[in-house]
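Below are the chains, spelled out letter by letter.
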Amino acid sequence: MGAYAGMGYKHLIDLNDFTMEEWKAIIDLALQMHQKPKDFLGLMHGKILGTLFYEPSTRTQMSFQTAMLRLGGQVIGFDNPQNSSVAKGENLKDTITIISNYADIIAIRHPVEGSAKAAAMHANCPIINAGDGGHLHPTQTLTDLVTLSIEKGRTDHLTIGLCGDLKYGRTVHSLISAMRRFPGNRFVLISTPELTVPQFVKDLIQESECTYTEISSLAEAIPHLDVLYMTRVQRERFASLKEYERLKSVYILDEAKMRLARPDLCVLHPLPRVDEIEIAVDNDPRALYFKQASYGVYARMALILKILTEGGETPLLSGCALDVPCSNSNCITRREPYIRPYYRENGNILTCEFCEHQQKRS
Amino acid sequence: MGAYAGMGYKHLIDLNDFTMEEWKAIIDLALQMHQKPKDFLGLMHGKILGTLFYEPSTRTQMSFQTAMLRLGGQVIGFDNPQNSSVAKGENLKDTITIISNYADIIAIRHPVEGSAKAAAMHANCPIINAGDGGHLHPTQTLTDLVTLSIEKGRTDHLTIGLCGDLKYGRTVHSLISAMRRFPGNRFVLISTPELTVPQFVKDLIQESECTYTEISSLAEAIPHLDVLYMTRVQRERFASLKEYERLKSVYILDEAKMRLARPDLCVLHPLPRVDEIEIAVDNDPRALYFKQASYGVYARMALILKILTEGGETPLLSGCALDVPCSNSNCITRREPYIRPYYRENGNILTCEFCEHQQKRS
Amino acid sequence: MGAYAGMGYKHLIDLNDFTMEEWKAIIDLALQMHQKPKDFLGLMHGKILGTLFYEPSTRTQMSFQTAMLRLGGQVIGFDNPQNSSVAKGENLKDTITIISNYADIIAIRHPVEGSAKAAAMHANCPIINAGDGGHLHPTQTLTDLVTLSIEKGRTDHLTIGLCGDLKYGRTVHSLISAMRRFPGNRFVLISTPELTVPQFVKDLIQESECTYTEISSLAEAIPHLDVLYMTRVQRERFASLKEYERLKSVYILDEAKMRLARPDLCVLHPLPRVDEIEIAVDNDPRALYFKQASYGVYARMALILKILTEGGETPLLSGCALDVPCSNSNCITRREPYIRPYYRENGNILTCEFCEHQQKRS
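Since this is a predicted model, take the numbers as computed values, not measurements.

Conventions we followed
Every residue gets a number counted from 1 within its own chain, in the order that chain's sequence is written. Here every chain gets a letter starting at A, and every ligand a number starting at 1, in the order they are written. Two thresholds apply to this predicted model, a pLDDT of at least 70 for residue-level local features and 80 or more for giving and counting side-chain atom pairs, whereas whole-chain, interface and lining totals are computed over all residues. To get the side-chain values, take all heavy atoms of the structure and skip hydrogens and water. Helix and strand assignments follow DSSP, with helices taken as H or I runs no shorter than four residues and strands as E runs no shorter than two, numbered in order from the N terminus. Just to be clear, the radius of gyration here is over C-alpha atoms, and the globule rule we use is 2.2 Å times residues to the power 0.38. We call a residue buried when its accessible area falls under 20% of the maximum for its residue type, exposed when it is over 50%, and partly exposed in between, using a 1.4 Å probe and counting protein chains only. Here the copies are matched by least squares. The fit uses the C-alpha atoms of residues with pLDDT of at least 70 in both. Two residues qualify as a contact provided that any one of their heavy atoms is within 4.5 Å of a heavy atom in the partner residue. Strand pairing is defined by DSSP finding a minimum of two bridges between the two strands. Helix axes are fitted only over the stretch in contact, all axes being lines through C-alpha atoms; the angle between N-to-C directions runs from 0 to 180 degrees. Every angle not falling under 35 degrees, over 145, or within 65 to 115 is termed oblique; those three ranges are roughly parallel, roughly antiparallel and roughly perpendicular. Put simply, a crossing is left-handed when the front helix is turned counterclockwise from the back one by less than a right angle, and right-handed when it is turned clockwise. Under this grouping Gly is polar, as are all residues other than the nonpolar Ala, Val, Leu, Ile, Met, Phe, Trp, Tyr, Cys and Pro and the charged Asp, Glu, Lys and Arg. Helix span is expected to be 1.5 Å times the residue number reduced by one. Once two parts are brought into contact, the accessible area they lose, counted with a 1.4 Å probe and summed over both, makes up the buried area. Salt bridges, as used here, are contacts in which a Lys or Arg side-chain nitrogen is within 4 Å of a carboxyl oxygen on Asp or Glu. In protein, a polar contact means a hydrogen-donor-capable atom and an acceptor-capable atom, both N or O and within 3.5 Å, with residues adjacent in sequence counting only if both atoms are side-chain atoms; elsewhere, any N or O pair within 3.5 Å suffices. The crossover handedness rule: strands pointing away from the viewer, path from first strand over the helix to second strand clockwise, crossover right-handed. To pair, rings of Phe, Tyr and Trp, with the six-membered ring standing in for Trp, must have centres within 6.5 Å; the planes then decide the type, stacked if under 30 degrees apart, edge-to-face if over 60, and tilted in the middle. Two thresholds decide whether a charge sits over a ring: the Lys NZ or Arg CZ must be within 6 Å of the ring centre and within 35 degrees of the ring normal.

Peer 1: Please provide a residue-by-residue account of the overall build of chain A, values included.
Peer 2: Each helix and strand in chain A was counted, giving 12 helices and 13 strands. The C-alpha atoms of chain A give a radius of gyration of 20 Å, which matches the 21 Å a tight globule of 362 residues would have. Referenced to the eigenvectors of the C-alpha coordinate spread, the extents of chain A come out at roughly 55 × 55 × 40 Å. With 362 residues in all, chain A has 62% of them scored as buried.

Peer 1: Can you explain the relation of the copies chain C and chain A? Please cite residues and give values.
Peer 2: For the pair chain C and chain A, the best superposition has an RMSD of 0.1 Å and corresponds to a rotation of 120° with a translation of 0.0 Å parallel to the axis. The two molecules are tied by a three-fold rotation axis, judged by turn and shift. Of the interface residues in chain C, just 8% have counterparts in chain A that sit at the interface too, so the contact is made through distinct surfaces.

Peer 1: Give a detailed account of the sheet that holds strand β12 (residues 349-352) of chain B, specifying residues and quantitative values.
Peer 2: Residues and elements named next belong to chain B. Pairing in this open sheet of 4 strands is antiparallel, and the strands run β10-β11-β12-β13 from one edge to the other. Of all strands in the sheet, those with a lone pairing partner are β10 (320-321) and β13 (358-360), marking the two edges. Pairing geometry for β12 and β13, over 3 bridges, is antiparallel. Within β13, the residue paired with Ile-349 across the bridge is Lys-360.

Peer 1: Run through the packing of helix α6 (residues 170-179) of chain A against helix α7 (residues 199-207) of chain A, naming residues and quoting values.
Peer 2: Residue and element names in this part refer to chain A. Relative to each other, α6 and α7 sit at 15°, their axes nearing to 9 Å. With respect to their mutual orientation, α6 and α7 come out roughly parallel. With respect to the hand of their crossing, α6 and α7 are arranged in left-handed fashion. Of α7, the residues touching α6 (which contributes His-173, Ile-176 and Ser-177) are Phe-200, Val-201, Leu-204 and Ile-205. Its residues placed into classes, the contact of α6 with α7 shows 5 nonpolar, 2 polar and no charged.

Peer 1: For helix α1 (residues 20-35) of chain A, give the residues involved together with the corresponding values.
Peer 2: All names here are of chain A. For α1, built from 16 residues, the straight-helix expectation of 22 Å at 1.5 Å per residue is met to within 8% by its first-to-last C-alpha distance of 23 Å. Within α1 the residues assigned to the buried category are Met-20, Trp-23, Ile-26, Ile-27, Leu-29, Ala-30 and Met-33. Tucked into the core, α1 has its buried residues touching α5 (138-151), α6 and α11 (289-310).

Peer 1: Explain the interface of chain C and chain B residue by residue, including any values.
Peer 2: Taken together, the 28 residues of chain C in the interface contact 25 residues of chain B. With both chains or domains summed, chain C and chain B bury close to 2,200 Å², and 56% of this area falls on carbon and sulfur atoms. Notably, a salt bridge pairs C:Asp94 with B:Arg273, separated by 2.6 Å at the nearest N-O pair. Summed over the shared surface of chain C and chain B, the result is 7 residue pairs in polar contact (both at pLDDT 80 or more).

Peer 1: So what's going on with the pairing of strand β4 (residues 127-132) of chain A? Which residues, and what values?
Peer 2: The element β4(A) is largely enclosed, with a buried count of 6 among its 6 residues. Traced from strand β3 (residues 105-110) of chain A through helix α4 (residues 115-121) of chain A to β4(A), the parallel crossover comes out right-handed.

Peer 1: Go over helix α3 (residues 92-102) of chain C with me, naming the residues and quoting the values.
Peer 2: Residue and element names in this part refer to chain C. Of all 11 residues making up α3, 10 are buried, and the element is well covered by its neighbours. When we look at burial in α3, the residues that qualify are Leu-92, Lys-93, Asp-94, Thr-95, Ile-96, Thr-97, Ile-98, Ile-99, Ser-100 and Tyr-102. The opening residue of α3 is Asn-91, an N-cap whose side-chain oxygen sits 3.1 Å from the backbone nitrogen of Lys-93.

Peer 1: Outline the sheet that holds strand β1 (residues 48-53) of chain A, supporting the account with residue identities and numerical values.
Peer 2: All names here are of chain A. The strand order β2-β1-β3-β4 describes an open sheet built from 4 strands, whose pairing is parallel. Strand pairing shows two members of the sheet lacking a second neighbour, β2 (74-78) and β4, which therefore form its edges. Each neighbouring strand pair of the sheet contributes to a mean axis angle of 15°, computed without reference to strand direction. Inspection of the sheet shows β1 paired to β3 by 5 bridges, in the parallel sense. Along β3, the bridge assignment pairs Leu-52 with Ile-108.

Peer 1: Describe the interface of chain C and chain A, naming the residues involved and giving the relevant values.
Peer 2: Contacts between the two partners involve 25 residues from chain C, matched on the other side by 28 residues from chain A. For the pair chain C and chain A, the summed buried area comes to about 2,200 Å², and 56% of that belongs to carbon and sulfur atoms. In terms of surface lost to chain A, no three residues of chain C exceed C:Arg59, C:Met62 and C:Arg70, which account for 26% of the buried area on that side. At the boundary of chain C with chain A, the tally comes to 7 residue pairs in polar contact (both at pLDDT 80 or more). When residues of the side of chain C that touches chain A are traced back to their parent elements, those giving at least two are α2 (58-70) and α11 (289-310) of chain C. The class makeup of the residues in the side of chain C that touches chain A is 10 nonpolar, 10 polar and 5 charged.

Peer 1: An account of the relation of the copies chain C and chain B is needed here, citing residue identities and associated values.
Peer 2: The transformation that overlays chain C on chain B combines an axial shift of 0.0 Å with a rotation of 120°, and the residual RMSD is 0.1 Å. Both copies present different contact surfaces, since only 7% of the interface residues of chain C are interface residues in chain B too.

Peer 1: Residues and numbers for the environment of B:Asp17, please.
Peer 2: All names here are of chain B. Considering the arrangement of structural elements, one finds Asp-17 in the segment before α1 (20-35). Under the relative-accessibility criterion, Asp-17 is labelled partly exposed at 32%. When the C-alpha positions of Asp-17 and Leu-316 are compared, they lie 9.0 Å apart, and in sequence the two are 299 residues distant. If we skip the residues at most four places from it in the chain, Asp-17 touches Glu-22 and Thr-314.

Peer 1: Could you give an account of the environment of B:Ile108, naming the residues involved and the relevant values?
Peer 2: Residue and element names in this part refer to chain B. Structurally, Ile-108 can be placed in strand β3 (residues 105-110). Among the residues examined, Ile-108 registers a relative accessible area of 1% and is labelled buried. Sequence spacing of Ile-108 and Gly-89 is 19 residues, and the spatial spacing of their C-alpha atoms is 18 Å. If sequence neighbours within four positions are ignored, Ile-108 has contacts with Leu-52, Tyr-54, Leu-92, Ile-96, Ala-116, Ala-119, Ile-127, Ile-128, Asn-129, Ala-130 and Gly-131.

Peer 1: Requested: an account of the packing of aromatic side chains, with residues and values cited.
Peer 2: In this structure the tally under the stated criterion is 9 aromatic pairs over all chains. Here the aromatic rings of A:Tyr54 and A:Phe78 are separated by 5.3 Å at their centres, their planes lie at 85°, and the arrangement is edge-to-face. Taken together, the residues A:Tyr54 in the loop between β1 and α2 (58-70) and A:Phe78 in strand β2 connect sequence positions 24 residues apart. Across the pair, A:Phe78 and A:Tyr54 agree in class, each one buried. An angle of 65° between the planes, with centres 5.2 Å apart, marks the rings of A:Tyr289 and A:Phe290 as edge-to-face. Above the ring of B:Phe18, the side-chain terminus of B:Lys10 is found at 4.8 Å from the ring centroid. The cationic tip of C:Arg300 hangs over the ring face of C:Phe64; the distance from NZ or CZ to the ring centre is 4.9 Å.

Peer 1: Give a detailed account of the pairing of β3(B), specifying residues and quantitative values.
Peer 2: All names here are of chain B. Judged by how many residues are buried, β3 sits mostly within the fold: 6 of 6 residues are covered. Neither face of β3 is exposed, since Ile-105, Ala-107 and Arg-109 on one face and Ile-106, Ile-108 and His-110 on the opposite face are all buried. In terms of strand pairing, β3 meets strand β4 (residues 127-132) through 4 bridges, oriented parallel. Bridge pairing in β4 places Ile-108 opposite Asn-129.

Peer 1: Could you give an account of the pattern of salt bridges, naming the residues involved and the relevant values?
Peer 2: Enumeration over the complete set of coordinates arrives at 54 salt bridges over all chains. C:Glu345 is paired through a salt bridge with C:Arg361; the nearest N and O atoms lie 1.9 Å apart. Taken together, the positions of C:Glu345 in strand β11 (residues 342-346) and C:Arg361 in the segment after β13 (358-360) put the pair 16 residues apart, joining distant regions of the chain. The exposure class of C:Glu345 is partly exposed, given its relative accessible area of 41%. Within the structure, one salt-bridge network assembled from shared partners comprises A:Lys93, A:Asp94, C:Arg273 and C:Asp282.

Honestly, it's all geometry; don't read function into it.
Here is the structure:
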């Protein structure tokens, strides 16, 4: 494809766009910020972060805002698209073009998959993906990596239980995809058979040096874990209400299950939690999900500082444009008609470069 | 009760948690800020105020924001709970735990009584109560004290008329509770018999060195006043619409009544006003309610600066946990089931430590 | 009329309140800021801008916010009047009186005509009109002047095409009113006969040293233009749906029409655009509407800096108060009854000093 505005900037659309060296540099920087936050106050003086939240996610937005303010920068943005002229009849390209002339860096959250990449293509500044529909949420995974680095001292050779909705859980897929790149990690997938991870995630593990096992009981799994990553299971995801009533307590972390766990277990959760972790567990020193949220500020500080001081360039499209509509109706190429769909081709399988849905070439 | 996160911080939940010396120190600091605001710019550099407004109160929120910005600090927060993921299915404890790791100090406004104290119990930073339902609004009272200190030069030996809805008016109860602690104050309670102050407020005055009289006519009362504190009377609070029509003008401050008043009368109002003060009165130099609003910024600046520079600790619970639900259905202990109700016991009377409602032990 | 609070401040209600020398000084300052933005960072340190947006206009609000932050100042405000206590039962006077004690300068957007002038009358700080209903939007016009100064090097002796809805387009009227004050400008009014500029705008041109022609074809007009100012035509503005279908493509700027234009044509648009400029045109170097949006930040920076450093005074009312209601039902004098209508009298024609609607004296 030809030139586009977003060329020449470093974006974070997908954590896999960054090299392992870049991940490590960001994690190291986050650790330094955690140690001595005051050393970094003022480094972003005169810089502006735009937080464009097309769907509300107050916590993530406040984490980004805090990160920029703690670096001495400033913040503009919106969190209220229904009430915003930006969302009324203006396409994503125009909004991004304009706001990227106001701000030095943008964090975008959008309900449509692939929208962060589409935004990056038209931006005059770096774009950070703060969640694009059910697709990616790389700063959550970066937060998880920073948390493990601080709390376990490493991101390799860990036995990591993932519990709950492993089928639809975006953060679970993203965490596995990241952790399999470090040697010696073992994944314990704890869910009902209906809610286990999709095949493409299992394939990712098998391509790596890591391994996985599947198990349906949290109580059976927990004694063997270094890390337990809890996620919420929505009632609608069970086969029936009867099934839900029968199974829900199996996937609730309570004090009894905590008694079965190692003394150095690290319990994480992307939050918000509903009832999948009992409140009584919060007092357990192994319950680290609130610390994890606070480490997210350091992860975002490090990311913003790296991107704005070191620059670089993120290639956005590597495949070719085809006159084939993406099969994912929630893909940004289906919502904004001026965006041409691009695909990576592998035999007769086309993978959309925006939302990563796959279809057979017809 | 056992340890809780909010131990070890100085909070402002109820103005009575502060000693008279602390009040005076804050008022003195506010007076200095009013004199030389530029001396204080920059003292909160690098600090972040979180404004968590679970119900909209734009003016109070902007007053807090202005206070923090004028001290050189920064602000994060939300004002739009319906549109906020924070309010969707996340309990107060989790939100406060997380945001108190982002911010250095939090101002919380919440429609449920006792919520500020509940927030303080789970916070990793100081909490300021910016209004918890019909219960407390201590920074309004602090604003009133600062206003009298600036405009009258003192907070004692004043004849203070309070006019309007004295039964349900939170700011009225709080102001009386504060002013009775200074010697020589006389309260003139101006209302219909149905809307006079509750007995517990009269008891507070009688326990003090101050006195009160009750009167139903503003015109008769006004010539004797140093201070007139106006509040709104909602139509629904009158016995009937007929009664409202007959009485409403009695409690409206107009130019005619102002002509009966002393030349140094000080007219205050917590704002917003509806029609209980005629607009023509605004031009009278004795109408100080807009100045009062601007002094609120100095009161909040002084409060934030004191708490963040001097620290200290506010004890939150002094009674004991009982398996008795609070009789107030709008108490935070009734809304968030993980909060155990605590009571102070006096004979067979239980006073809830969150919302201060009283009930007989059954 | 007697004294009012807003006396003694420099406001921007209508661009015509400023002298040509003041315009030029602001434009020159904006050009310097465009050249060396870092020279201006910090000049507004310690100052606060209040952005009071009674109707959402996210882009304009973010432009103002960016301008103030890039000068080192801070921002408070609201954008969400439905959710705001400010908008509930509080009159404009009270809100402005209070917020103007918090902020050093206020930008107000309001759906009611004349509201910016009414706000200025009660403000204890300078007021900038960020749009008052269909009436004025002077910072858009200032943005247009800055854009022409940067991109064409001048604001005089230009042939300026204005295309689209010239009848109701506020920015079109305001731009003509400004550009006619520079010598040698020629206006080419491109629209259907039903949507051409109102007679009062033609009169403004004829009173000046400038000229205009009217034409119904964009393709015929475009070869002769130095500047093309595109605006949106709403479907409802056409005589019929049939007429709309027949004519809409005539007023859409596409690549074919761009091929007819001069190599140094400057295409502007106040944005947001809907479909009146095809997206393919965005890649043409003559498409300057996104740059124009970014120049708006410099225009607003220059305006804020001038007003807050040089002061001055804007006279608000020059006519006399009459007990005649304004004939415009969307005039602020009809919405807020404490505001007396003021009129300039010319024979038996009364011109409202708030909304500028004219009526015959009866």
